[in-house]
Amino acid sequence: MPNIKEEINAINRMLPEGTRLVAVSKFHPASCIEEAYAAGQRIFGESHVQELQAKHECLPKDIEWHFIGHLQTNKVKFIVPYVSLIHAVDSARLLKEIDKQAAKVGRTIDCLLELRVACEETKYGFTPEECEIFLENGEWRSLQHVTICGIMCMASNTDDAGQVRAEFRRAHAFFTKAKSTYFPDSPSFKECSWGMSHDYPIALEEGSTLIRVGSKIFGERHY
Ligand SMILES: *Cc1c(COP(=O)(O)O)cnc(C)c1O
């Protein structure tokens, strides 16, 4: 078991200005989150709606909850009242549902578009081509209760650091082009969410502003 406080402090010491740590607490009990909270951590990432619900209810209200996993449209309504950032929006349909549910509770939800850059067959995320079409289409501009704040991706699960770096670079190039083409006047479009326990040092070199680190802080997950 890692020492949660030490791990959090060590990661924070290497974060460049403007970059934040999302402590990924999925499958770890509320007591682990409390330990991280006591070390000053306020942003936590979860990827299952029911688990997030239960933790949100029993933990301090100044925690910023980030939903980092694949989100089903029928579950959006449960997290919209309190979630701070939804990382993995991968369809127009999901974004529209978030907008609709957010309107009902009078909120505007920050969202990231999930870009599929990994070479391996992953199920989720827009390919860069699909994401371009989605942005070009412009329907998102009429949604008043969501703010698109940037891009999220997961690199291939490989020991090949060169490949991981190339994938982050591709995501960053997409981010830069999208920013200048579609969000030139939107200061909110500024987040690049990439980097996990095994690849966050590379992610930090490749423009990440949000690293999502779980097992390095909390230890192995028992599913
Ligand atoms: C679980 C998860 C993480 C954290 O993974 P670790 O390898 O434990 O750091 C990051 N991002 C997403 C989307 C995840 O589901």
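First things first, this report covers the structure right here in the doc.

Each value, and the rule that gives it
- Throughout, residues of each chain are indexed from 1 in the direction in which the sequence is written.
- pLDDT decides what is reported in this predicted model: residues at 70 or higher carry local features, side-chain atom pairs at 80 or more are listed and counted, and totals for whole chains, interfaces and linings draw on all residues regardless.
- Side-chain measures were taken over the full set of non-hydrogen atoms in the model, leaving aside hydrogen atoms and water.
- Two rings from Phe, Tyr or Trp (for Trp, the six-membered ring) form a pair when their centres are within 6.5 Å of each other. A pair whose planes differ by under 30 degrees is stacked, one over 60 is edge-to-face, and the rest are tilted.
- Think of it in three bands: with a 1.4 Å probe and only protein chains considered, a residue is buried below 20% of the maximum accessible area for its type, exposed above 50%, and partly exposed in between.
- Any cysteine sulfur atom paired with another within 2.5 Å is treated as part of a disulfide.
- Nonpolar core, defined: a set of buried Ala, Val, Leu, Ile, Met, Phe, Trp, Tyr and Cys residues in which side-chain atoms within 4.5 Å join the residues together.
- Here a strand is any run of E in DSSP of at least two residues, a helix any run of H or I of at least four, and the numbering for each starts at the N terminus.
- Residues are classed as near a molecule or strand on a simple rule: at least one heavy atom within 4 Å of it.
- Polar contact is defined as a pair of N or O atoms within 3.5 Å, subject to the rule that within protein one atom must be able to donate a hydrogen and the other to accept it, and that residues adjacent in sequence are counted only when both atoms are side-chain atoms.
- Surface exposure here means Shrake-Rupley accessible area, sampled with a 1.4 Å probe, where a residue is shielded only by the protein chains that are shown.
- The nonpolar class holds Ala, Val, Leu, Ile, Met, Phe, Trp, Tyr, Cys and Pro. Asp, Glu, Lys and Arg form the charged class, and all remaining residues, Gly among them, are polar.
- Two strands pair if DSSP finds at least two bridges between them.
- By convention a crossover is right-handed if, when the strands point away from the viewer, the path from the first strand over the helix to the second runs clockwise.

**Focus on the packing of aromatic side chains**
- Under the criterion given, the structure shown has 6 aromatic pairs.
- With centroids separated by 4.0 Å and ring planes inclined at 5°, the aromatic side chains of F183 and F189 adopt a geometry described as stacked.
- On the accessibility criterion, F183 (3% relative accessible area) is buried.
- Among the residues examined, F189 registers a relative accessible area of 0% and is labelled buried.

**Examining the state of the cysteines**
- Under the counting rule described, the total for this entry stands at 0 disulfides.
- Here C111 stays free of any disulfide, with the sulfur of C149 as its closest cysteine sulfur at 7.4 Å.
- With relative accessibility at 0%, the residue C111 sits in the buried group.

**Re the nonpolar core**
- Core analysis: the biggest nonpolar cluster contains 64 residues, and I79, I86, L95, I98, L113, L135 and I217 have the highest contact counts within it.
- Of all the elements, helix α7 (residues 161–182) adds the most residues to this core, at 7 residues.
- Grouped together as the second largest cluster of nonpolar side chains are 8 residues, L85, A88, L112 and M152 included.

**Notes on the site of the ligand**
- Taken together, the residues surrounding the ligand are V24, K26, I68, M152, M154, M196, S197, R212, V213, G214, S215 and R221.
- Backbone polar atom of G214 to an oxygen atom of the ligand: 2.8 Å apart, as the coordinates give it.
- The contact in question runs from an oxygen atom of the ligand to an N or O atom on the backbone of S215, over 2.8 Å.
- Burial of the ligand by the protein amounts to 90% of the accessible area it has alone, namely 390 Å².
- Here the residues of the shell around the ligand are counted per class, giving 6 nonpolar, 3 polar and 3 charged.

**A look at unusual backbone geometry**
- Positive phi, normally seen in glycine, also occurs at F27, with a value near 70°.
- Tracing the backbone through its elements, the reader meets F27 in the loop between β1 (20–24) and α2 (30–38).
- Look at F27 and you get partly exposed, because its relative accessible area is 32%.

**Notes on the pairing of strand β4 (residues 85–89)**
- Of all 5 residues in β4, 5 are buried, a share of seventy percent or more.
- Alignment of strand β3 (residues 64–67) against β4, held across 2 bridges, turns out to be parallel. Of the residues in β4, the one forming a bridge with F67 is I86.
- Sheet analysis places β4 next to strand β5 (residues 109–115), joined by 3 bridges and oriented parallel. By the bridge assignment, I86 is partnered in β5 with C111.
- Following the backbone out of β4, through helix α5 (residues 92–104) and into the adjacent parallel β5, one traces a crossover that is right-handed.

**Things to note about the environment of A161**
- In this structure, A161 sits in helix α7.
- Relative accessible area serves as the criterion here: at 40%, A161 is assigned to the partly exposed category.
- C-alpha separation for the pair A161 and H198, spaced 37 residues apart in sequence, amounts to 9.9 Å.

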